Amino acid sequence: MEQKNLPNVTIAMILAILSFLCCCFGGAPGLILGGIAFFLVKKDEKTYAENPDLYKNYSTLKTVRILAIIGMVIGALYLLYTFWSINQMGGWEGYMEKVNEMMEQYQ
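Note that the structure is predicted; figures quoted are calculated from it, not measured. (Residues numbered from 1 in each chain as written. Predicted model: local features only at pLDDT ≥ 70, side-chain atom pairs only at ≥ 80, totals over all residues. Heavy atoms only, no water.)

**Here's the deal with the environment of Q88**
Here is step 1 of the chain: Position of Q88 relative to the elements: it lies in helix α3 (residues 58-88).
Here is step 2 of the chain: Q88 sits in the exposed class, given a relative accessible area of 52%.
Here is step 3 of the chain: Spatially, the C-alpha atoms of Q88 and G34 are 28 Å apart, while their sequence positions differ by 54 residues. (Helix = DSSP H or I, 4+ residues; strand = E, 2+ residues; numbered from the N terminus. Buried < 20%, exposed > 50% of the residue type's maximum accessible area, 1.4 Å probe, protein only.)

Below, the structure written as C-alpha cells:
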C-alpha cells in the first residue's frame, strides 16, 4: 500500500512559520497563527493515530508542532510585553499622548 502525506501538514507548517515571523507585530498575529497551526497539528495527529501505516510524514508533523508552540509562546510573551509597556506609559491615555507627540514631531 502506498503511503501518503498527512492532509494538513503543509498548511500547518506555513502557519507555524508565519506565526514565528509575525510574533513581533504586537504578539497577537503570532499567537493566532500559531494556535491555528497547533489545532491543525492536533487534527493530523489524531488522523495518524487511527492508521499510522498509511502516512509517511509524521516527523514533519512533530517539527511543525514545535514551531507552532514556539510561535505561540513568543507571541504571548510579546503581547504581555506590549501590555506592560502601555501600562508603564500611564495606560492607554498616556500611550496615545506619546503617539500624538511623535506625530507632531514628524509633521
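Structure shown, so let's carry the discussion forward.
**Quick notes on the UniProt feature "transmembrane region" (unreviewed entry) in the chain**
Here is step 1 of the chain: With numbering matched to this structure, UniProt assigns "transmembrane region" (unreviewed entry) to residues 12-41 and 66-86.
Here is step 2 of the chain: Summarising residues 12-41: 83% helix, 0% strand, and an end-to-end C-alpha distance of 7 Å.
Here is step 3 of the chain: Counted over residues 66-86, helix gives 100% and strand 0%. Its end C-alpha atoms are 30 Å apart. (UniProt positions renumbered as here; feature names shortened; annotations may be inferred.)

**Describing the environment of L33**
Here is step 1 of the chain: Within the fold, L33 resides in helix α2 (residues 28-50).
Here is step 2 of the chain: As a C-alpha pair, L33 and G75 span 42 residues in sequence and 9.5 Å in three-dimensional space.
Here is step 3 of the chain: The residues touching L33, leaving out its near neighbours within four places in the chain, are L15, L18, S19 and C22. (Contact = heavy atoms within 4.5 Å.)

**Considerations on the side chain of N8**
Here is step 1 of the chain: For N8, the location among the structural elements is in the segment before α1 (9-22).
Here is step 2 of the chain: Among residues more than four places away in sequence, those in contact with N8 are L40, K43 and D44.

**Overview of the pattern of salt bridges**
Here is step 1 of the chain: Counted according to the given criterion, the structure contains two salt bridges.
Here is step 2 of the chain: E45 serves as the salt-bridge partner of K42, at 3.5 Å between the closest nitrogen and oxygen. Placement of both K42 and E45 in helix α2 is noted, with a separation of three residues, approximately one turn of the helix.
Here is step 3 of the chain: The closest approach of N and O atoms between R65 and E45, which form a salt bridge, is 2.8 Å. (Salt bridge = Lys/Arg side-chain N within 4 Å of Asp/Glu carboxyl O.)

**Quick notes on the packing of aromatic side chains**
Here is step 1 of the chain: On inspection of all chains with the given rule, the structure shows four aromatic pairs.
Here is step 2 of the chain: With 4.2 Å between their ring centres and 15 degrees between their planes, Y48 and Y58 make a pair best called stacked. Of the two residues, Y48 is situated in helix α2 and Y58 in helix α3; the sequence distance between them amounts to ten residues.
Here is step 3 of the chain: Connected via pairs of aromatic rings, a cluster forms that spans Y78, Y81 and W84. (Phe/Tyr/Trp six-rings, centres within 6.5 Å; stacked < 30°, edge-to-face > 60°.)

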